[in-house]
Structures are given as structure tokens and as C-alpha cells.
Amino acid sequence: MRIGILTGGGDCPGLNAVIRGLVLAGVKRYGYDFTGFLDGWKGVVENLSRPLTVEDVRDQVAVGGTLLGTSRTNPLNDPAMVEQIKANLTANHIDVLAAIGGDDTLGVATRLAGMGLSIIGIPKTIDNDLSATDATFGFDTAITIATEAVDRLHTTAASHHRVLVVEVMGRHAGWIALYAGIAGGADYTMLPEKPTSLVDLCAALQREYGPGRKNYALVVVSEGAELLQQEGHTTQDESSDAFGNVRLGGIGHRVAAAIEKATGLETRDVVLGHLQRGGVPSPADRVLSTRYGVFAARMIHEGQFGQMAALRGNRIVAVPLAEATGETKTVGEDWISDLELLNA
Ligand code: F6P
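Residues numbered from 1 in each chain as written. Predicted model: local features only at pLDDT ≥ 70, side-chain atom pairs only at ≥ 80, totals over all residues. Heavy atoms only, no water.

1. Things to note about the sheet that holds strand S12 (residues 307-312)
Phase 1: Spatial strand order, S3-S2-S1-S4-S5-S12-S13: seven strands in an open sheet with mixed pairing. Looking at which strands have only one partner, the edges of the open sheet turn out to be strand S3 (49-52) and strand S13 (315-320). With direction set aside, neighbouring strand axes in the sheet form an average angle of 30°.
Phase 2: Bridging between strand S2 (residues 33-37) and S3 involves four bridges; their strand directions are antiparallel. When the sheet's bridge partners are listed, Gly36 is paired in S3 with Arg50.
Phase 3: In the packing of helix H5 (residues 103-114) onto the sheet, contacts are made with strand S1 (2-7), strand S4 (96-101), strand S5 (119-123) and S12, and the angle to S5 comes to roughly 160°. (Pairing = 2+ DSSP bridges. Helix = DSSP H or I, 4+ residues; strand = E, 2+ residues; numbered from the N terminus. Axes fitted to C-alpha atoms, helices over the stretch in contact; angles between N-to-C directions. Contact = heavy atoms within 4.5 Å.)

Right under this line is the structure:
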């Protein structure tokens, strides 16, 4: 059997470890051949591919990024592209396609599986916002980087008695902000799931100042968070990608300016941006990614098409792709009420 692999959407630490796990298990256990499509769905549409051997993947467990490249090409925007995908899979003698991606990439996989193509999915995203799985790979690395940044900002904020605002990724779901805010001991964490009142935010920060207080404060803000005084999300410009995602970013700067204006406290902001996605995966992500890859080979062997590898508790299981991509997994009320306690 010949298996095609693609990685789509934003890159993510652990992609190469998944590819490695899938190729090693596929070749050694089942005797499969592998073809890697380059740059996500674009590579399948334009027939850009390379062979993937055990030698190609052997040393990839700790390498960040994706050796296949990635893009945000959305073939569903054009019926001709879908036909091209079908033709190129046939031309390359691909029996099964393994799509490694987040909600956009796997949303395409869900639709193509519905059209009868033999596709499986593997859940990638630093945002951890895919449903039907307890965790996506890449999230642990992102929160490790974000938490280290918050830890480091404590000392400079304390030295200058400043407020420091740290903007982290998280478009519709605030998982990175939530974890980095809790782990980093932030004084206030802003999530996309619940707009923040400037009055509440400033009151919380001012409580950290005064005789006997620590006299500095840290705020973690998700890029998709909203200040109640503003309308909608803060975007970098009007552009959006092929999946209709606008370019978020800039909320940290606006929050910092609003805090300084309202309180008179000297405030600075830091945007972590793509630092959260670059570089080596954490040990936990290397292990999770490897498990996803090895399990994906088993799913192919068992003919579990239209399914996605998912973490449930400590087990990897197969779940319908449609279940994973139907709804964004956002931070729930239970988490938010605990966070409100910490924000107070
Ligand atoms: O990978 C998901 C994500 O990290 C989002 O949190 C963020 O909005 C987006 O990617 C930005 O990606 P890019 O700059 O590559 O378009």
C-alpha cells in the first residue's frame, strides 16, 4: 500500500515526530510505502511530492517545523482543485492519505472523506482547540515557551515596578493564555471566551500596588481576547487567509495603553507571536506526536478512514473526523470561574 502524508495550516512543534512515528510504524509493521506531499493541500493540488523513507525520518523526533512544508491552501474554495486532488492521488497510486493539521486542514479532510476518499486525520495545533481529543500535539511546547516568557518578565516588571502585558496566540480559544497565565502566576488573564472589563482589569492590577504590596503586575492576554470598551477583535490589518481567518494581533498593545491611561501605572507589552510555534518540541510533545503517528499507521491497517487519532485520558483512540472539526473546543465555564478567582 502507498500512503500519502501532508502537513497543513500553521506549523507546530511535533509535526516531524508524527511523520517519523507514522513512517516507522507503517514501514516496519505493515510494509507500506510513503509519499510526502509538500506544503499542505497545495502539494496534492499541484502534485508536489517526495518519497519518505525510514532514513528520511529517523532523526526527526526533536526537529521543529515540518520537513514537508505547509500552507493554508483551501481546496474547497474551488471544485477544480478537489478534482485535481482526486486525480493526483490516483496518479501517485495513493491508497490512503494521512492529513496532519488543525481545524482548517482537517475540515478539508472531513469533506473529502465524505466524498469517499480514504483519509485519516492527526490533530495538530498549538492552540489545542480541536474537539474530540483531550490534547493536540504542539500545545505543551507552546505553553512551556509562554510560561517561561511570563516567568522571565516577573523580574524585569518587579525591578521597574511596571505592569507587563504578554500577548500569546489563541484565536477563538484561550488555552495557551489560560495555562501560561496560571502557570506563570499572572495577575490577570484575558481569554477570547469572555470579554474583559477595563474597570475590573485595572482594579485587579491596582490591588498589587501600595505599601506592603509587590508593586508590579503581569497580564497574559490571548490574541483573540476583547476589551469590553472595544468593538470586536484586534486585527493587524483587513487581510484574511483562504479559510477566512483574519490576522489577529495587537490586543496586547491596546490593553497596555488602556491600562496606562486609566491607572497611570507604567506599562509595557510583549508579543510572543511565532516564538510559540518555532523550535524543538517539548519531551511531552515528542512522545504524544510519536504515539499519534504510530497509531495512525494502525488506523490505516484497520481501514479506519474518515477517522482521526485522538487522546482520551491516556489512550490514543480513533474518533470520527467530523466530531473533531464540527466545533471549536473553547475554554469552558468551570475553567473560567477558577480563573476569575485568580484574576480577582
Ligand atoms: O497555529 C494557530 C495559530 O497559531 C493561531 O493562534 C494564530 O492566530 C495563527 O496560527 C497565526 O498564524 P500565521 O501567522 O502563520 O498565519
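That was the structure; now back to the text.
2. As for the domain arrangement of the protein chain
Phase 1: According to the domain assignment, the protein chain contains domain 1 (2-138 + 279-324) and domain 2 (140-276).
Phase 2: Interface area, domain 1 with domain 2, both sides summed: about 1,300 Å², of which 55% is carbon and sulfur.
Phase 3: Of all residues in domain 1, Asp104, Ile126 and Asp127 give up the largest surface area on contact with domain 2, accounting jointly for 39% of the area buried on that side.
Phase 4: Between domain 1 and domain 2 we count one salt bridge in total.
Phase 5: With a shortest N-O distance of 3.9 Å, Arg72 and Asp241 are connected by a salt bridge.
Phase 6: The interface formed by domain 1 and domain 2 holds 10 residue pairs in polar contact (both at pLDDT 80 or more) in total.
Phase 7: Secondary-structure elements contributing two or more residues to the side of domain 1 that touches domain 2 are H5 and helix H10 (283-301).
Phase 8: For the side of domain 1 that touches domain 2, the class distribution of residues is six nonpolar, six polar and five charged. (Domains from an automatic or database assignment. Buried area = accessible area lost by both parts, 1.4 Å probe. Salt bridge = Lys/Arg side-chain N within 4 Å of Asp/Glu carboxyl O. Polar contact = N/O pair within 3.5 Å; in protein donor to acceptor, adjacent residues only side chain to side chain. Nonpolar A, V, L, I, M, F, W, Y, C, P; charged D, E, K, R; others polar.)

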